[in-house]
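# Tertiary structure, described
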Amino acid sequence: MRFAVVAFGGSNCDYDTTHVLSDVIGVDCDRVWYKDGLKRSYDAVILPGGFSYGDYLRAGAIAARTPIMNQVKDHAEKGGLVLGICNGAQICAESGLIPGVFTINAYPKFICKPALLRVETTESPFTNQFRPHEVIHIPIAHMEGRYVPPEKKDDIQVAFRFCDKDGNLAPEANPNGSHENITGVLGGAAQNVLAMMPHPERASEEILGSTDGRRIFESMIHNIQDRSD
């Protein structure tokens with residue numbers, strides 16, 4: 001089993017994500033510089049957080065048009081797992097890997113804080129280690145994280161929504177104004193793409209205050225193992 005974490009100019013969570021996968025969970029994981037391309041086969045590709053190309057144009061817009069993203073999209077079309085985190089989620093949206101877009105927060109400022117999420121499905125490759133409607137703790141750090149759906153909203157497959165401690169989708173529990181509190185969107189024929197604004201790598205060790213994010217990576221591993229059996 002092998003994971004790739006793709007680093008763009010301006011990525012700043014690539015080493016954190018690689019550390020969690022390699023040192024905490026123990027998965028074979030490569031940090032791949034985007035200009036080098038995917039030179040090996042991978043079971044999962046992760047697009048980490050940061051500010052690729054300084055968020056010029058639109059967040060994720062330039063990175064989405066780099067040659068490596070053609071490989072990432074091909075990987076997804078073949079059923080490989082793709083996880084986009086924060087800036088990586090914006091890249092997924094700009095690449096058409098998930099429906100809709102992530103745009104500037106309703107209150108147009110950078111938000112960095114703990115967040116509560118409600119798990120909306122346990123049937124995806126990224127959420128099979130959770131309970132239905134479980135409330136989990138994963139922090140956010142973004143200025144352009146407000147999810148706006150496409151006109152045809154029926155196509156949206158939701159993985160996570162912002163919520164309060166009781167799992168309610170209250171307006172005050174929605175820190176960025178996302179449509180219907182959505183903060184994790186699935187894509188791909190087999191729900192094999194997840195674009196999420198919260199940072200699971202920042203909630204993968206006890207010292208960070210939560211290990212809920214680790215279960216997203218463990219769900220991916222469980223899915224890959226199931227498919228290989």
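Before reading further, recall that the structure is shown in the block above.
The model shown is predicted, which means the values in this text are computed figures rather than measured ones.

As enumerated under the stated definition, the model contains five aromatic pairs in all. Among the aromatic side chains, those forming a connected cluster through ring pairs are Phe 8, Trp 33, Tyr 34 and Tyr 53.

What follows is about the pairing of strand 13 (residues 193-196). Burial along strand 13 is two-sided: Val 193 and Ala 195 facing one way and Leu 194 and Met 196 facing the other are all buried. Pairing analysis gives four bridges linking strand 4 (residues 81-85) to strand 13, with the strands arranged parallel. What sits directly across from Gly 84, in strand 13, is Ala 195. Of the strand pairs in this sheet, strand 12 (residues 182-187) and strand 13 are connected by four bridges, and their pairing is antiparallel. For Gly 187, the partnering residue across the bridge sits in strand 13 and is Val 193. In this antiparallel pair of consecutive strands, strand 12 and strand 13, the connection spans five residues, and Gly 188 shows a positive phi of 90°.

Once that is clear, we can look at the sheet that holds strand 11 (residues 157-162). Reading across from one edge, 2-1-3-4-13-12-11-7-8 is the order of the nine strands in this open sheet, with mixed pairing throughout. Unpaired on one side and paired on the other, strand 2 (28-33) and strand 8 (135-137) mark the two borders of the sheet. This sheet shows a mean twist of 20° between the axes of neighbouring strands, independent of strand direction.

A few words now on the packing of helix 1 (residues 14-25) against helix 4 (residues 214-228). Where helix 1 meets helix 4, the axes come as close as 11 Å, and the angle between the chain directions of the two elements is 70°. The orientation of helix 1 relative to helix 4 falls into the category roughly perpendicular. Where helix 1 crosses over helix 4, the two elements pack in a sense that is right-handed. Contact residues: helix 1 offers Thr 17, Val 20, Leu 21, Val 24 and Ile 25, while helix 4 offers Arg 214, Phe 217 and Ile 221. Its residues assigned to classes, the contact of helix 1 with helix 4 shows six nonpolar, one polar and one charged.

Reported here for the largest pocket is a volume of approximately 220 Å³. If you go around the largest pocket, the residues you meet are Leu 38, Arg 40, Ser 41, Tyr 42, Val 45, Gln 71, Asp 74, His 75, Lys 78, Gly 79, Gly 80 and Arg 227. Here the lining of the largest pocket gets three residues from one element, more than from any other, and that element is helix 2 (residues 67-77). In terms of residue class, the lining of the largest pocket is built from three nonpolar, five polar and four charged. The wall of the second largest pocket is formed by 16 residues, among which Gly 50, Phe 51, Phe 110, Ala 141 and His 142 lie closest to the centre. For the lining of the second largest pocket, the per-class residue count stands at seven nonpolar, six polar and three charged.

Turning our eyes to something else, we now look at unusual backbone geometry. Backbone geometry places His 133, a non-glycine residue, at a positive phi of 60°. Following the sequence through the fold, His 133 ends up in the loop between strand 7 (116-119) and strand 8. His 133 gets classed as partly exposed once you look at its relative accessible area, which sits at 45%. The backbone of Gln 191 sits at a positive phi, close to 55°, despite the residue not being glycine. Mapping Gln 191 onto the fold places it in the loop between strand 12 and strand 13.

Helical geometry: 3.6 residues make up each α-helical turn, so side chains three or four residues apart lie on a common side. A large share of helix 3 (residues 87-95) lies buried, amounting to eight of its nine residues. Residues of helix 3 that are buried: Asn 87, Gly 88, Ala 89, Gln 90, Ile 91, Cys 92, Ala 93 and Ser 95. Phi turns positive one or two residues past the end of helix 3, at Gly 96, with a value near 80°.

Before going further, it helps to examine the state of the cysteines. Applying the stated rule across the entire model yields zero disulfides. The structure places no disulfide on Cys 112, whose sulfur is separated from the nearest cysteine sulfur, that of Cys 86, by 9.6 Å. The exposed category is assigned to Cys 112, whose relative accessible area is 56%.

Cut-offs and rules
- Residues numbered from 1 in each chain as written.
- Predicted model: local features only at pLDDT ≥ 70, side-chain atom pairs only at ≥ 80, totals over all residues.
- Heavy atoms only, no water.
- Phe/Tyr/Trp six-rings, centres within 6.5 Å; stacked < 30°, edge-to-face > 60°.
- Buried < 20%, exposed > 50% of the residue type's maximum accessible area, 1.4 Å probe, protein only.
- Helix = DSSP H or I, 4+ residues; strand = E, 2+ residues; numbered from the N terminus.
- Pairing = 2+ DSSP bridges.
- Axes fitted to C-alpha atoms, helices over the stretch in contact; angles between N-to-C directions.
- Parallel < 35°, antiparallel > 145°, perpendicular 65-115°, else oblique.
- Left-handed = near helix turned anticlockwise from the far one by under 90°.
- Contact = heavy atoms within 4.5 Å.
- Nonpolar A, V, L, I, M, F, W, Y, C, P; charged D, E, K, R; others polar.
- 1 Å grid on protein atoms, 1.4 Å probe; cavity = no way out; pocket = protein on both sides within 12 Å on 5 of 7 lines; lining within 4 Å.
- Points joined across faces, edges and corners; volume = space filled by probe spheres on them.
- Disulfide = S-S within 2.5 Å.

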